[in-house]
Amino acid sequence: MSTTQWILSIVLLAWALLRNLGTREVTRGTFLLPLVIVGAAGSYFLFPLPTTGNDLDLVVAFGLIGVLFGLAAAAVTRLHHRDGRLVADGPAAANIPGV
């Protein structure tokens, strides 16, 4: 991996971990911003989709692992209403799958 890819990966991981901690109001941006960021990062990392050797198998396997970790993090995140607004409470345990 190039230095740019390492920096981008570390920044994305740090952003995701910090974003999921604490109590935050759930808004439209809560859903749209991560989709935009994942789309941009995915197009950067997967532009020439590697299909030689075992590369495609690894992409699919780690994609599935990412989905499972996301589901595990969602399972420990609690949603509740506060003052008529939907609020998500992301405990530190929600970040364990990401690390």
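Preceding this section is the structure that the text describes.
Source: prediction; values computed, not measured.

A. Geometry of the overall build of the chain. On a plain count of helices and strands, the chain comes out with 3 helices and 3 strands. By principal-axis analysis of the C-alpha atoms, the chain measures approximately 55 × 25 × 20 Å. Looking at the chain residue by residue over its 99 residues, the buried ones come to 9%. Considering only residue pairs separated by 6 or more positions, the chain has 54% of its internal contacts joining residues 24 or more positions apart. When the accessible surface of the chain is split by element, carbon and sulfur atoms take 71% of a total near 7400 Å². Considering the chain, the positive charge centre built from 6 side chains and the negative charge centre built from 5 side chains are found 12 Å apart.

B. Looking closely at the environment of S9. Relative to the elements of secondary structure, S9 occurs in helix α1 (residues 3–19). The exposure class assigned to S9 is partly exposed, which follows from its relative accessible area of 26%. Separated by 16 residues in sequence, S9 and E25 place their C-alpha atoms 26 Å apart.

C. Structural detail: the sheet that holds strand β1 (residues 22–25). If you trace the 3 strands from one edge of the open sheet to the other, you get β1-β3-β2, paired in antiparallel fashion. On the outer flanks of this sheet lie β1 and β2 (78–82), each paired with one strand and no other. With direction set aside, neighbouring strand axes in the sheet form an average angle of 30°. Bridge count between β1 and strand β3 (residues 85–90): 4 bridges; the pairing is antiparallel. Among the inter-strand pairings, E25 is bridged to a residue of β3, identified as V87.

D. Highlighting the environment of A72. Mapped onto the secondary structure, A72 falls in helix α3 (residues 55–76). Since its relative accessible area comes to 36%, A72 is described here as partly exposed. Counting along the chain gives 24 residues from A72 to I96, while the straight-line C-alpha distance between them is 9.1 Å.

E. The pairing of β2, seen in detail. Of all the 5 residues making up β2, 0 are buried; the element is thus mostly uncovered. Here β2 pairs with β3 via 5 bridges, running antiparallel. Each bridged residue has a counterpart across the sheet, and for H80 the counterpart in β3 is V87. Linking β2 back to β3 in an antiparallel pair, the connection comprises 2 residues, with D83 at a positive phi of about 55°.

Cut-offs used in this document
- Residues numbered from 1 in each chain as written.
- Predicted model: local features only at pLDDT ≥ 70, side-chain atom pairs only at ≥ 80, totals over all residues.
- Heavy atoms only, no water.
- Helix = DSSP H or I, 4+ residues; strand = E, 2+ residues; numbered from the N terminus.
- Buried < 20%, exposed > 50% of the residue type's maximum accessible area, 1.4 Å probe, protein only.
- Contact = heavy atoms within 4.5 Å.
- Areas by Shrake-Rupley, 256 points an atom, 1.4 Å probe, with all protein chains shown as cover.
- Lys, Arg positive; Asp, Glu negative; His and termini not counted.
- Charge placed at Lys NZ, Arg CZ, Asp CG, Glu CD.
- Pairing = 2+ DSSP bridges.
- Axes fitted to C-alpha atoms, helices over the stretch in contact; angles between N-to-C directions.

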